[in-house]
Amino acid sequence: MRLDKFLCKSTDLSRPEATRKILQGAVCVNGEPVTTESTQAHEDNLITLHGIVLTPRASRYVMLHKPPATICSNINEAYPSLFNYLDLDRAEDMHVVGRLDADTTGLVLITDDGRWSFDIIRPQMKCKKVYRVGLRDPIAPDAALRFEQGLQLQGEKALTRPAQLEAINEKEVLLTITEGKYHQVKRMFAAIGNRVLSLHREKIGAISLDIAKGQWRHLTPEEINSFATDKPAEATP
Ligand code: URA
């Protein structure tokens, strides 16, 4: 983690205040002053501010049920930010893991643990995301096969990875994908001549949405560790 971020996670300083402290030479790593805020701070480093040893707060991991007409950015823009629903201390230090479009609803994971979120979104993880999709036209009989074989999306070099389609009724399907390209689901249905009218994320990996629209909850330790590749994470109560 960057040194300025480490300071924010272990003090009440804002990011600009943390940067100032570092530039002033008030922060030492293993006894040596470090004046570059982008320096990587490692877990086994002894980091002090004005001589006081710093210990980072535990990371937080939550799920939030995203309502429509909200955005996954930390600040309000054309639509209100999702973070308005998250009444947590220093929520501004947290970020969304895999953004949804403003009109998409459903499961959003939010954390301040960058390594955890990286493990979920990095393509090699092939993390499964399940979407409930409402369509303009009845689903074509060959759609499941075409999704399984991979589609050529405009502006992309590679085909989409194999995706699984399960019909709920003729205009509603469950789609499972393992990547997260820009507007991926909408572009996949556009590629087969259909159009997405509603989009709702139900599941990421082993984590299923189980709370009402606009609500949030902490993840359980099992949910947090369900993505673990090597080192387990700890939940805050
Ligand atoms: N695919 C989309 O097209 N939009 C989303 O919000 C998520 C996946």
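Residues numbered from 1 in each chain as written. Predicted model: local features only at pLDDT ≥ 70, side-chain atom pairs only at ≥ 80, totals over all residues. Heavy atoms only, no water.

Trainee: Just to check I follow, could you spell out the overall build of the protein chain for this structure?
Mentor: Scanning the protein chain from terminus to terminus reveals six helices and 13 strands. With the principal axes as the frame, the protein chain shows a C-alpha extent of 70 × 35 × 35 Å. Within the protein chain, the proportion of its 237 residues that are buried is 46%. A sequence separation of at least 24 residues applies to 61% of the contacts in the protein chain between residues at least 6 apart. Carbon and sulfur atoms form 52% of the exposed surface of the protein chain, whose accessible area is close to 12700 Å². On the protein chain, the mean spot of the 31 positive side-chain charges and the mean spot of the 31 negative ones are 4 Å from each other. (Helix = DSSP H or I, 4+ residues; strand = E, 2+ residues; numbered from the N terminus. Buried < 20%, exposed > 50% of the residue type's maximum accessible area, 1.4 Å probe, protein only. Contact = heavy atoms within 4.5 Å. Areas by Shrake-Rupley, 256 points an atom, 1.4 Å probe, with all protein chains shown as cover. Lys, Arg positive; Asp, Glu negative; His and termini not counted. Charge placed at Lys NZ, Arg CZ, Asp CG, Glu CD.)

Trainee: Looking at this model, I keep getting lost on the nonpolar core. Mind explaining?
Mentor: The nonpolar side chains of soluble globular proteins are, as a tendency, buried together. Judged by nonpolar contacts, the single largest core of 32 residues is most densely connected at Leu86, Ile110, Val133, Phe147, Leu175, Val185 and Phe189. Both of domain 2 (61–123 + 206–222) and domain 3 (128–204) provide at least three residues apiece to this core. Aside from chain neighbours lying at most four places away, what touches valine 133 is Lys171, Glu172, Val173, Leu175, Val185, Phe189, Val196, Ser198 and Leu199. (Core = buried A, V, L, I, M, F, W, Y, C linked by side-chain atoms within 4.5 Å. Domains from an automatic or database assignment.)

Trainee: It is not clear to me how the sheet that holds strand β4 (residues 52–53) should be interpreted in this structure. Could you clarify?
Mentor: To summarise the sheet geometry, strands pair through backbone hydrogen bonds and adopt either a parallel or an antiparallel arrangement. Here four strands make up an open sheet; going across it, the order is β2-β1-β3-β4 and the pairing antiparallel. Across the chains shown, the open sheet's two edge strands, defined by having one partner strand only, are β2 (32–33) and β4. Direction of pairing for strand β3 (residues 47–49) relative to β4: antiparallel, over a ladder of two bridges. Pairing of threonine 48 across the sheet is with valine 53, part of β4. (Pairing = 2+ DSSP bridges.)

Trainee: Looking at this structure, how should I read helix α3 (residues 114–121)?
Mentor: Helical geometry: 3.6 residues make up each α-helical turn, so side chains three or four residues apart lie on a common side. Considered for burial, the residues of α3 that qualify are Trp116, Ser117, Asp119 and Ile120. Within α3, the buried residues cover an arc of 155° as seen down the axis, which keeps them to one side. Pointing more than 90 degrees away from the buried face of α3 are the exposed residues Arg115 and Ile121. Contact partners of the buried residues in α3: β5 (61–66), β6 (95–97), β7 (105–111), β11 (196–204) and α6 (221–225). The N-capping residue of α3, defined by a side-chain oxygen 3.1 Å from the backbone nitrogen of arginine 115, is aspartate 113. (Arc of directions from axis to C-beta. Polar contact = N/O pair within 3.5 Å; in protein donor to acceptor, adjacent residues only side chain to side chain.)

Trainee: Would you mind showing me how to read the domain arrangement of the protein chain here?
Mentor: Quoted interface sizes are often the accessible area lost when the parts come together. The domain boundaries assigned to the protein chain delineate domain 1 (3–53), domain 2 (61–123 + 206–222) and domain 3 (128–204). When each unit is reduced to the centre of its C-alpha atoms, the spacing between domain 1 and domain 3 is 45 Å.

Trainee: Explanation requested: the environment of glycine 114 in the structure shown.
Mentor: Inspection of the secondary structure puts glycine 114 in helix α3. The partly exposed category is assigned to glycine 114, whose relative accessible area is 33%. C-alpha of glycine 114 to C-alpha of arginine 132: the two residues are 18 residues apart in sequence and 28 Å apart in space.

Trainee: Help me out: how do you make sense of the side chain of asparagine 45 in this one?
Mentor: Checked against the element boundaries, asparagine 45 lands in the loop between β2 and β3. A polar contact is formed between the side chain of asparagine 45 and the backbone nitrogen of histidine 42, at a distance of 2.9 Å. For asparagine 45, the contacting residues outside a window of four places in its chain are Val29, Asn30 and Gln40.

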